[in-house]
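Here's the letter readout for the chains.
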Amino acid sequence: MAEGRTVVLVYCEDLYESLYDLLNQHYTEYGGKLYVRLAFGTASRLCEIHRSFRVIVIVEKIDAYNRLAPPLLNRFEKQVMERSSLLTSVQKQVEKNLRKFANIYAAGQEKQKPSMAELRSCFVGFHNDMLSSLVQSLPDPENIEDTTLDCINRLLWLATPESACRVMSMRQRNIALKQLCSIDVVETYFKKQHHSDFITFADEMFDHWGRDEMGVQTQVLTFSPMSLHSGDALAEHSKKWKKVTTRTLHELSSERDLKTAITDFFDTCNHGSVFVLQCDPQAASFRRIEHARYIIEHARSKFLRGRWKDVRD
């Protein structure tokens, strides 16, 4: 605050009540400087604030509508940003084709719009911005048809086995999908992709996705809890991955424990090393899992920057 920087708050609900005096601009001026009182529980103190200081709060749209207090929202200039608003005209066409595919996959007909429950029963974690986010994750499309096929292949990695079996048992739905995108969903899901077990998935896909020698970060979703010895099983039965480090999120007592484990892994890792963080959503909150993913992404990014610098030097 005193240095005039812009602060971005994400998942900081516990801090918002301490900011009311700041957001109300109840400043005290002394010696040509501005001060504001921040309260933390029963304690409070005056903090210097630079005239250029700004605060940005990022929240999910549904939380803003349903959870945050109106007096807090009224103190901000509000902007709603959705993935679809950031798409180019070509990306919007790809997203339109992808939505047609999802509608047929879930409901059987392009013009029949499936419910959100039906889409979530077909694609794990489906939400309104998923397709737009998927399109944005790819390089700018040069060929709409090829990019659409790439997106469909990636989307099928999130398809549930039950939905794939339903498509396989419904001939008309399977034909409609082939006519739309020239792809055999059943063959792609059951033969080209690897959904059967973790070891096969790791052997076939880690190298494929990490062929740039920069490794790969993957989030694997399972219907039942994985064994606590899954890392040992991977090291024992895998053809490629022999140095496997396994941690369970809810057994770590603090953020520092996770950072220490991640740092130790990247300090000693080499080809064939895998770090497995097992997360049970019943034992660890969704936000804790999201925060753990951020910590890993940050540590991996730092490791890759150092590795790229060594290569350049």
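Here the structure is shown first, and the text comes after it.
This write-up is about the structure you can find in this document. (Residues numbered from 1 in each chain as written. Predicted model: local features only at pLDDT ≥ 70, side-chain atom pairs only at ≥ 80, totals over all residues. Heavy atoms only, no water.)

**Regarding the sheet that holds strand β2 (residues 28–30)**
Move 1: Overall, antiparallel pairing links the 3 strands, which are arranged β2-β3-β4 in an open sheet. Strands with a single pairing partner mark the edges of an open sheet, and in this sheet they are β2 and β4 (43–49). Across the sheet, the mean angle from the axis of one strand to that of its neighbour is 35°, orientation sign disregarded.
Move 2: Where strand β3 (residues 33–40) lies against β4, 7 bridges are found, and the strand directions are antiparallel. If you follow Tyr35 over to β4, its bridge partner there is Glu48. (Pairing = 2+ DSSP bridges. Helix = DSSP H or I, 4+ residues; strand = E, 2+ residues; numbered from the N terminus. Axes fitted to C-alpha atoms, helices over the stretch in contact; angles between N-to-C directions.)

**Concerning helix α13 (residues 230–237)**
Move 1: Taken together, the buried positions of α13 are occupied by Ser230, Gly231 and Leu234. One face of α13 carries all of its buried residues, which in axial projection span an arc of 105°. When the buried face of α13 is taken as reference, the exposed residues oriented beyond 90 degrees from it are Asp232, Glu236 and His237.
Move 2: Structurally, α13 contributes buried residues whose contacts are with α12 (198–209), β6 (243–248) and β7 (273–278). (Buried < 20%, exposed > 50% of the residue type's maximum accessible area, 1.4 Å probe, protein only. Arc of directions from axis to C-beta. Contact = heavy atoms within 4.5 Å.)

**Brief notes about the packing of aromatic side chains**
Move 1: This structure, assessed with the given rule, holds 10 aromatic pairs.
Move 2: Pairing Phe206 with Trp241 gives two aromatic rings, centres 5.7 Å apart and planes at 65°, and the pair type is edge-to-face. Here Phe206, found in helix α12, pairs with Trp241, found in the loop between α13 and β6; they are 35 residues apart in sequence, far enough to count as distant.
Move 3: Taken together through their ring pairs, the aromatic side chains of Phe101, Tyr105, Phe123 and Phe126 make up a single cluster. (Phe/Tyr/Trp six-rings, centres within 6.5 Å; stacked < 30°, edge-to-face > 60°.)

**Regarding the nonpolar core**
Move 1: In terms of nonpolar packing, the biggest core is built from 29 residues, with Leu98, Phe101, Tyr105, Phe123, Leu155 and Val185 touching the most fellow members.
Move 2: Counting residues per element, the ones that place at least two in this core are α5 (89–107), α6 (116–122), α7 (130–136), α8 (144–156), α9 (161–169), α10 (171–181) and α11 (185–192).
Move 3: Ranked by residue count, the leading element in this core is α5, at 7 residues.
Move 4: Non-local contacts of Tyr105, meaning those with residues more than four positions away in its chain, are made with Cys122, Phe123, Leu156, Ala159, Thr160, Ser163, Ala164, Val167, Arg173, Leu177 and Val185. (Core = buried A, V, L, I, M, F, W, Y, C linked by side-chain atoms within 4.5 Å.)

**Quick word on α5**
Move 1: Helix length check: α5 (19 residues) gives 27 Å between terminal C-alpha atoms against 27 Å at 1.5 Å per residue, within 8%.
Move 2: Inspection of α5 places Gln91, Val94, Glu95, Asn97, Leu98, Phe101, Ala102, Asn103, Ile104, Tyr105, Ala106 and Ala107 among the buried residues, and these make up the whole buried set.
Move 3: Taken together, the buried residues of α5 touch α6, α7, α8, α9, α10 and α11.
Move 4: The first or second residue beyond α5 is Gly108, which carries a positive phi of 95°. (Expected span 1.5 Å × (residues − 1).)

**What about the pattern of salt bridges?**
Move 1: Inspection of every chain in the model, using the stated rule, returns 10 salt bridges.
Move 2: Glu290 is paired through a salt bridge with Arg293; the nearest N and O atoms lie 3.0 Å apart. Of this pair, Glu290 and Arg293 both sit in helix α15 (residues 286–312), 3 residues apart, which is roughly one turn of the helix.
Move 3: Each member of the salt-bridge network shares a partner with another, and the members are Asp63, Arg67 and Arg287. (Salt bridge = Lys/Arg side-chain N within 4 Å of Asp/Glu carboxyl O.)

**Comments concerning the state of the cysteines**
Move 1: Enumeration over the complete set of coordinates arrives at 0 disulfides.
Move 2: Its sulfur unpaired, Cys279 is 19 Å from the next cysteine sulfur, which belongs to Cys269. (Disulfide = S-S within 2.5 Å.)

**Topic: the environment of Cys279**
Move 1: Looking at the element boundaries, Cys279 is found in the loop between β7 and α15.
Move 2: Judged by relative accessible area, Cys279 falls into the partly exposed class, the value being 32%.
Move 3: A C-alpha to C-alpha distance of 6.2 Å links Cys279 and Thr248, two positions 31 residues apart in sequence.
Move 4: In this structure Cys279 touches Leu249 and Ile289, once residues within four positions along its chain are discounted.

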